[in-house]
Amino acid sequence: MSSHAQQPSAVKMGIPIPDSKLGMWLFLGTEIMFFTAFIGSYIVLRLGSPGWPTSSEDTHISVVFGGVNTFVLIVSSYCVVVAHEAMAQKLFGKARQYLLITFALACVFLGIKSMEYYGKFSHDIIPGRIPETPTQAIAKVDRELETVVRARFAVYTDGEDEADVNVPEARDLATVSAQLDVFANGDEGDAARRETAKADLRLYSEWQNLHQHIVANVSLEDVPQAAGPGYLKAREQLAEGEALPTLKIGEVEGLVKKLKSDVDYGPAVKAGVFDPHPVLYGNLFASIYFLMTGFHAIHVIVGMILFGLALGSKLDESWTDWVENSGLYWHFVDLVWIFLFPLLYIV
Amino acid sequence: MAHEENGGHLNYFAVFIALCVFTGLSVVFDLLKFENRLITIVLVLAVAVAKAMCVMMFFMHLKFEGNWKYVLLAPTTILAIGLPLALLPDIGVAYYTPLAPQAGEWGEEMQAYKASHHGSGHAESPDAE
C-alpha cells in the first residue's frame, strides 16, 4: 500500500452530506423549477381565461380517481421511508418487501392513470381536437360524418374481386352516390349488398343535407332545404333587414342522436361521430392536463426503474445510499402529485 | 444525522396518517360545494401546502438536515415563484380586455346549452372577469 493510502482521510469540505445525496438534491432543485414552470403557467393561463372548464361533463375528470391515486402515492411514500429505515438498520429483507410494495403501488398508480386517459380519449378530449364554439362543434360533426360516409362508400369502390361502382376511389362522393343509386335500385349484384347501399345512400343524403345547411348557415328545422328551392323561397319571403334562422347546435345534436339510432348505419355513426360538445378553452385545458400528468407519469416510470434496479440486486449495505436517494426522488414525485391533485381535480 | 434524530418508525406512521387525513379533507372540501368557489380553492390549496410540508420535513428529512438545505433550495424556490409572478401581469390579470376569439361566440345560445347539459355545475361563466 502506498503511504498516501495510510493517511487519515482529509476533512470533507463543503456540504456535509454524501456526494450522491448532494447530486440528488441538486437534481431535485432543477425538478422543482421544471414542475413549477408548468404549474405556474397553468395558474396564470387559468386566471387569464374566464370560462375555464371545471365541470366533469366537460373535462371528464374524476375526483375519485385522483383521490385514490393520491392515497396510493402516499402509501408508497410511506413504504419507501420504511424501506430506507430498514436499510439503515441492515434489515435488508424488510427493505426489499417495502420496496416491492412501492413498486406494485407505482403500477397501480399508472393503471388508474391509464384508465383516466382512456376516458379522455374515448370522449376525444385530446389537445387540438376539442371544439370550443358551437360553430366548431357543428363543423366537427360534419367532418366526422363525411369520414364515415367515405369509409362506407369505399366498400363499393374498392371491392377486391369486382367493384360494385365504377369509380376508382370514394373521393368524389357525388359521383359515387349517383352510381351507387343505380346499383342499389338495379337488379345486378348481391341483393343484401344493394339493401346496404340504399341505407348508405340515406346516410349520404343526411350528411349532404347537414353540409349544405352548414355552408348556408341556416336552421335544419326552419329551412329544410339549404341552398335548394326551399331556401330560395324562404329568402324571398324575408322582409328587409330580416335574416333566416341560423343553425343551432341543439338541432345538430338531435340529428346526430337520430343517425346513431338508425338500425343500418347507426353503429358506424356511433363509432365515428362524437356528440357535439363545445368546451370553451377545452384545448388549453387538455394540453395542460396531459402535459402535467404525462410528465408526472414519466417520473413515476423513472422511479419504478430506480426501485426495480435495487430489487434486482442483492440489496446489501452498498445499496443504502441508492435507496435513500431513490426515496428522495420518489417523495418528490409524491410532492408534485400533492399539488396536481387539487389544482387539476378539485379547483 | 437525520437518522439519529428522526424518531423512528412510529413517527413516520403518524405522518402517513396525517397525510391520509389531509387527503380526505381535500375531498370533503370539494364535496361541501361552498357558495363562494374561492373558499374551496383556498382550503384545498392550504391542505396541499400542509401535506407538502409533512412530506418535505419528515419523509425527506429536511427538518433534521443542516443549513445547506437553505443554500440549495432558496434559489430554486425564488426562481420557481418568479416565473408565474413575471407572467401574471400580462396574461393572468391583463389590464386590457382579453379577446380570445372563441370566447366571443359564447352568447346566450351557448349559456342555455351549457345550463341544459351541466345542470347546476360550477362551470365558470366566460363573462366573469
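What chain B contains, in helices and strands, is six helices and zero strands. Each helix (α) and strand (β) of chain B, taken in turn from the N terminus, gives the series α-α-α-α-α-α. Looking at chain B as a whole, 32% of its 129 residues qualify as buried. A sequence separation of at least 24 residues applies to 53% of the contacts in chain B between residues at least 6 apart. Counting only carbon and sulfur atoms, one obtains 70% of the accessible surface of chain B, whose full area is about 7,600 Å².

If you tally the helices and strands in chain A, you get 13 helices and zero strands. Helices and strands in chain A line up, N terminus first, as α-α-α-α-α-α-α-α-α-α-α-α-α. Taken over the C-alpha trace, chain A has a radius of gyration of 31 Å; the compact-globule value for 347 residues is 20 Å, which it surpasses by more than 25%. Principal axes of the C-alpha set define a box for chain A whose edges measure 105 × 55 × 35 Å. Taken over 347 residues, chain A has a buried fraction of 49%.

Let's shift gears to the pattern of salt bridges. Residues and elements named next belong to chain A. Inspection of the entire model under this criterion finds 15 salt bridges over all chains. A salt bridge links Arg152 to Asp200, with the nearest nitrogen and oxygen atoms 2.5 Å apart. Of this pair, Arg152 sits in helix H6 (residues 134–157) while Asp200 sits in helix H8 (residues 191–216); the two residues are 48 residues apart in sequence, bridging distant segments of the chain. A relative accessible area of 2% means that Asp200 is categorised as buried. Salt bridges sharing common partners tie together Asp124, Arg129, Lys140 and Glu144.

The next point concerns H8 of chain A. Relative to the 38 Å expected for 26 residues at 1.5 Å per residue, H8 of chain A spans 38 Å between its end C-alpha atoms, a close match to the ideal helical length. Those residues of H8 of chain A that fall on the buried side of the exposure criterion are Arg194, Ala197, Ala199, Asp200, Leu201, Leu203, Tyr204, Glu206, Trp207, Leu210 and His213 of chain A.

Turning our attention to the interface of chain A and chain B. The interface of chain A with chain B comprises 67 residues on the first partner and 58 residues on the second. For the pairing of chain A and chain B, the buried interface totals around 5,500 Å² over both sides, and the portion due to carbon and sulfur atoms is 72%. The interface formed by chain A and chain B holds one salt bridge in total. At the level of elements, helix H2 (19–47), helix H3 (56–59), helix H4 (63–88), H6, helix H10 (249–260) and helix H13 (320–346) of chain A are the ones that each hand at least two residues to the side of chain A that touches chain B. With 16 residues, H2 of chain A is the single largest residue contributor to the side of chain A that touches chain B. Of the residues assigned to the side of chain A that touches chain B, the class counts are 39 nonpolar, 17 polar and 11 charged.

One non-glycine residue with positive phi stands out, namely His60 of chain A, at about 55°. As for its position among the elements, His60 of chain A is in the loop between H3 and H4. Of note in this structure, Lys33 of chain B is not a glycine but carries a positive phi near 50°. Within the secondary structure, Lys33 of chain B is located in the loop between helix H2 (9–32) and helix H3 (37–59). Exposure remark for Lys33 of chain B: the relative accessible area of 47% places this residue in the partly exposed category.

It is worth spelling out empty space enclosed by the protein at this point. Inspection of every chain in the model, using the stated rule, returns one cavity of 30 Å³ or more. What the largest cavity holds in volume is close to 50 Å³. Around the largest cavity sit Val80, Val81, His84, Glu324, Gly327, Leu328 and His331 of chain A together with Phe59 and His61 of chain B, which together line it. Secondary-structure elements contributing two or more residues to the lining of the largest cavity are H4 and H13 of chain A.

Right, let's talk about the confidence of the model for chain B for a bit. Residues and elements named next belong to chain B. For chain B, the mean per-residue pLDDT works out to 80, and 79% of the residues sit at or above 70. The low-confidence segment residues 1–8, where pLDDT is below 50, has 15 contacts with residues more than four positions distant or belonging to other chains. Scored below 50 in pLDDT, residues 125–129 makes nine contacts in the model with residues more than four places away or belonging to other chains. Across the interface, the model reports ipTM at 0.82; the global pTM reads 0.86.

As a further point, take the packing of aromatic side chains. Residues and elements named next belong to chain A. Counting across every chain of the model gives 27 aromatic pairs over all chains. With a centroid separation of 5.0 Å and 75° between ring planes, the pair formed by Tyr117 and Phe290 is classed as edge-to-face. Of this pair, Tyr117 sits in helix H5 (residues 92–122) while Phe290 is found in helix H12 (residues 282–311), placing the two residues 173 residues apart along the sequence.

Empty space within the largest pocket amounts to approximately 950 Å³. Looking at the largest pocket, it is lined by 31 residues, and the ones nearest its centre are Ile32, Thr36 and Phe339 of chain A together with Thr77 and Ala80 of chain B. Of all the elements in the fold, those that place two or more residues in the lining of the largest pocket are H2 and H13 of chain A together with H3 and helix H4 (68–92) of chain B. Considering every element that reaches the lining of the largest pocket, the biggest residue donor is H4 of chain B, with 10 residues. If you count residues domain by domain, the lining of the largest pocket takes at least three from each of domain 1 (1–65) and domain 2 (67–118) of chain B.

A few words now on the packing of H6 of chain A against helix H7 (residues 173–185) of chain A. Residue and element names in this part refer to chain A. Running from N to C, H6 and H7 point in directions that differ by 50°, and their axes come no closer than 11 Å. Viewed along their axes, H6 and H7 adopt a mutual orientation that is oblique. For the pair H6 and H7, the crossing hand works out as left-handed. In this structure, H6 contributes Glu146, Val149, Arg150, Phe153, Tyr156 and Thr157 to the contact, and H7 contributes Leu173, Val176, Ser177, Leu180 and Phe183.

Conventions and cut-offs
Residues numbered from 1 in each chain as written. Chains lettered and ligands numbered in written order. Predicted model: local features only at pLDDT ≥ 70, side-chain atom pairs only at ≥ 80, totals over all residues. Heavy atoms only, no water. Helix = DSSP H or I, 4+ residues; strand = E, 2+ residues; numbered from the N terminus. Buried < 20%, exposed > 50% of the residue type's maximum accessible area, 1.4 Å probe, protein only. Contact = heavy atoms within 4.5 Å. Areas by Shrake-Rupley, 256 points an atom, 1.4 Å probe, with all protein chains shown as cover. Rg over C-alpha atoms; globule rule 2.2 N^0.38 Å. Salt bridge = Lys/Arg side-chain N within 4 Å of Asp/Glu carboxyl O. Expected span 1.5 Å × (residues − 1). Buried area = accessible area lost by both parts, 1.4 Å probe. Nonpolar A, V, L, I, M, F, W, Y, C, P; charged D, E, K, R; others polar. 1 Å grid on protein atoms, 1.4 Å probe; cavity = no way out; pocket = protein on both sides within 12 Å on 5 of 7 lines; lining within 4 Å. Points joined across faces, edges and corners; volume = space filled by probe spheres on them. pLDDT = per-residue confidence, 0-100. Phe/Tyr/Trp six-rings, centres within 6.5 Å; stacked < 30°, edge-to-face > 60°. Domains from an automatic or database assignment. Axes fitted to C-alpha atoms, helices over the stretch in contact; angles between N-to-C directions. Parallel < 35°, antiparallel > 145°, perpendicular 65-115°, else oblique. Left-handed = near helix turned anticlockwise from the far one by under 90°.

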